[in-house]
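Letter by letter, the chains look like this.
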Amino acid sequence: MPSFALIGAARGVGLELVRQLSANADNTVIVTVRNIEKSTHIRELQQSRNGNIHIVEADVIDQHTMDRAAAEAAKVTGGSLDVLIHNAARMEKENMIKGFLDYETPEKLDAELIASFNVNVLGAIHAINAFLPLLRKGTTKKILVMGTEGGDIGMVRKSRMSNSVAYGVTKAAEHMVATKFAAELESDGFTVVSISPGFVDVSGTAVEPMPGTTEESKPIVEKIMKGIFSAYPKAAMISPEESGRRLLSFLESMGPAENGTFVRSPEFRD
Ligand SMILES: NC(=O)c1ccc[n+]([C@@H]2O[C@H](COP(=O)([O-])OP(=O)(O)OC[C@H]3O[C@@H](n4cnc5c(N)ncnc54)[C@H](OP(=O)(O)O)[C@@H]3O)[C@@H](O)[C@H]2O)c1
């Protein structure tokens, strides 16, 4: 019975991964969400399955709630875990389009950077630390951290993407979190990789309007997209289903050669 824990997977890419993994009744899938009451998509999915999805409430910014989530997961799996997928990210749409010069006050800039650091950097550290004792008893010792080209220096340089600063800076740091854990845990047989899910249309489960859908954000998003498409002509939005298939195929095959790397989606490879 392979076991998977998906951290912060109430909607979007994480929800789709839960959907695909739980379609196999042999898989045990633990999902952490911030607020069970509000996480309607994952609850509906849970009801449509035969008991192999277990939802636990936890906020990645709080190590103690993550430790409690891991303790709950251990009760379900008997103390072990095969795969950890860290998916949670702070992606407040207003901030996704802001550059360093777009914040109304220095305080607002600082506050967003710090809030993003708490979720996107400390969140990954908290999740991995909490679930590590279970993973040590698992069979595959695989940790996948959802990264992004938006946090990749080469991609940002080439596309001149000056926006999305709080997200990009903290996701870049999250890539380093994965690489540090990869170095730490290599001798214990672990593989830790950051991977981009691609440019995914998650509008179907979004809680606020997507950037570019409001009059104010439209020209900014058009400028960002122009930069991306001129640097990466193959860039294209993919469905959550396609993204999920790619990610799980990579998860299956990943091994020591990929340990500590950040893997771009095919459309964004130079
Ligand atoms: N979509 C893309 O095109 C794209 C591209 C590159 C990389 N990514 C990466 O893929 C991952 C998923 O992205 P997505 O597009 O699916 O995002 P999304 O639809 O905005 O979902 C983000 C998820 O993170 C959870 N989350 C946020 N803060 C949290 C916290 N403090 N504790 C626990 N969970 C928290 C959210 O929970 P709530 O429902 O409670 O808010 C939600 O389930 C992210 O790591 C993102 O950086 C996405």
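Residues numbered from 1 in each chain as written. Predicted model: local features only at pLDDT ≥ 70, side-chain atom pairs only at ≥ 80, totals over all residues. Heavy atoms only, no water.

As named in an unreviewed UniProt entry, the protein chain is NAD(P)-binding protein, taken from Daedalea quercina L-15889.

A. Geometry of the packing of helix H5 (residues 106–136) against helix H7 (residues 165–185). Packing of H5 against H7 brings their axes to within 8 Å, and their N-to-C directions diverge by 25°. Classified by the interaxial angle, the pair formed by H5 and H7 is roughly parallel. Two packed elements cross with a definite hand, and for H5 against H7 that hand is right-handed. Note on element contacts: H7 touches H5 through Ala166, Tyr167, Val169, Thr170, Lys171, Ala173, Glu174, Val177, Phe181 and Leu185, opposite Glu112, Leu113, Ser116, Phe117, Asn120, Val121, Ala124, Ile125, Ile128, Asn129, Leu132 and Arg136. Of the residues belonging to the contact of H5 with H7, the class tally is 14 nonpolar, four polar and four charged. (Axes fitted to C-alpha atoms, helices over the stretch in contact; angles between N-to-C directions. Helix = DSSP H or I, 4+ residues; strand = E, 2+ residues; numbered from the N terminus. Parallel < 35°, antiparallel > 145°, perpendicular 65-115°, else oblique. Left-handed = near helix turned anticlockwise from the far one by under 90°. Contact = heavy atoms within 4.5 Å. Nonpolar A, V, L, I, M, F, W, Y, C, P; charged D, E, K, R; others polar.)

B. Expanded view of the sheet that holds strand E7 (residues 262–263). Strands sit in the order E3-E2-E1-E4-E5-E6-E7 across an open sheet of seven strands; the sheet is parallel. Edge positions in the sheet fall to strand E3 (53–57) and E7, since each has one partner strand and no second. Across four bridges, the pairing between strand E4 (residues 83–86) and strand E5 (residues 142–146) is parallel. Pairing of Ile85 across the sheet is with Leu144, part of E5. (Pairing = 2+ DSSP bridges.)

C. Region of the structure containing unusual backbone geometry. Despite not being glycine, Lys141 shows a phi value in the positive range, around 55°. The residue Lys141 is located in the loop between H5 and E5 in this model. For Arg160, which is not glycine, the phi torsion reads 55° and is therefore positive.

D. Representation of the nonpolar core in the model. With 32 residues, the main nonpolar core has Met66, Leu84, Phe131 and Ile143 as its most contacted residues. Mapped onto this core, the elements with two or more residues apiece are strand E1 (3–7), helix H3 (63–77), H5, E5 and H7. Per-element accounting of this core gives the leading share, 10 residues, to H5. Residues in contact with Ile143, not counting those within four places in the same chain, are Leu84, Ile128, Leu135, Leu185, Phe190, Thr191, Val192, Val193 and Met254. Within the second largest apolar cluster, 30 residues are counted, among which are Val33, Ile53, Val83 and Met146. (Core = buried A, V, L, I, M, F, W, Y, C linked by side-chain atoms within 4.5 Å. Buried < 20%, exposed > 50% of the residue type's maximum accessible area, 1.4 Å probe, protein only.)

E. Just the packing of aromatic side chains, in detail. Under the defined criterion, the tally for this structure stands at one aromatic pair. Ring plane angle 55° and centroid distance 5.4 Å describe the contact between Tyr232 and Phe268, whose orientation is recorded as tilted. Remark: Phe268 occurs in the segment after E7 and Tyr232 occurs in the loop between helix H8 (218–231) and helix H9 (240–253); sequence separation between them is 36 residues. The pair formed by Tyr232 and Phe268 is uniform in burial state, with each residue classed as buried. The residue whose ring lies beneath Lys98 is Tyr103, and the NZ or CZ to ring-centre distance is 4.9 Å. Above the plane of the ring of Tyr232 lies Lys158, whose end atom (NZ or CZ) is 4.8 Å from the centre. (Phe/Tyr/Trp six-rings, centres within 6.5 Å; stacked < 30°, edge-to-face > 60°. Lys NZ or Arg CZ within 6 Å of the ring centre and 35° of its normal.)

F. Main features of the pattern of salt bridges. Inspection of every chain in the model, using the stated rule, returns 16 salt bridges. Taking the shortest distance from any N to any O, the salt bridge between Lys75 and Glu72 comes out at 3.0 Å. Highlighted residues: Lys75 and Glu72, both in helix H3, separated by three residues, approximately one helical turn. Taking the relative accessible area as the measure of exposure, Lys75 reaches 63% and is therefore exposed. Several salt bridges share partner residues, and in doing so they unite Glu94, Lys98, Glu104 and Lys108 into one network. (Salt bridge = Lys/Arg side-chain N within 4 Å of Asp/Glu carboxyl O.)

G. Structural context of H3. Helix length check: H3 (15 residues) gives 21 Å between terminal C-alpha atoms against 21 Å at 1.5 Å per residue, within 8%. Turning to H3, its buried residues number three or more, namely Thr65, Met66, Ala69, Ala70 and Ala73. The buried residues of H3 all sit within an arc of 140° when viewed along its axis, so they share a single face. In H3, the exposed positions that point more than 90 degrees away from the buried face belong to His64, Arg68 and Lys75. (Expected span 1.5 Å × (residues − 1). Arc of directions from axis to C-beta.)

H. Molecular detail of the pairing of strand E2 (residues 28–33). Counting buried positions along E2 gives six out of six residues, so the element sits mostly inside the fold. Burial along E2 is two-sided: Thr28, Ile30 and Thr32 and Val29, Val31 and Val33, pointing in opposite directions, are all buried. Direction of pairing for E1 relative to E2: parallel, over a ladder of five bridges. By the bridge assignment for E2, Phe4 is matched with Val29. On the question of chirality, the crossover connecting E1 to the parallel E2 by way of helix H1 (residues 12–22) is right-handed. By the bridge criterion, five bridges tie E2 to E3 in an arrangement that is parallel. Note that in E3 the partner of Thr32 across the bridge is Val56. In this fold, E2 hands off to helix H2 (residues 40–48), which returns the chain to E3; that crossover is right-handed. (Right-handed = clockwise from strand over helix to strand, strands pointing away.)

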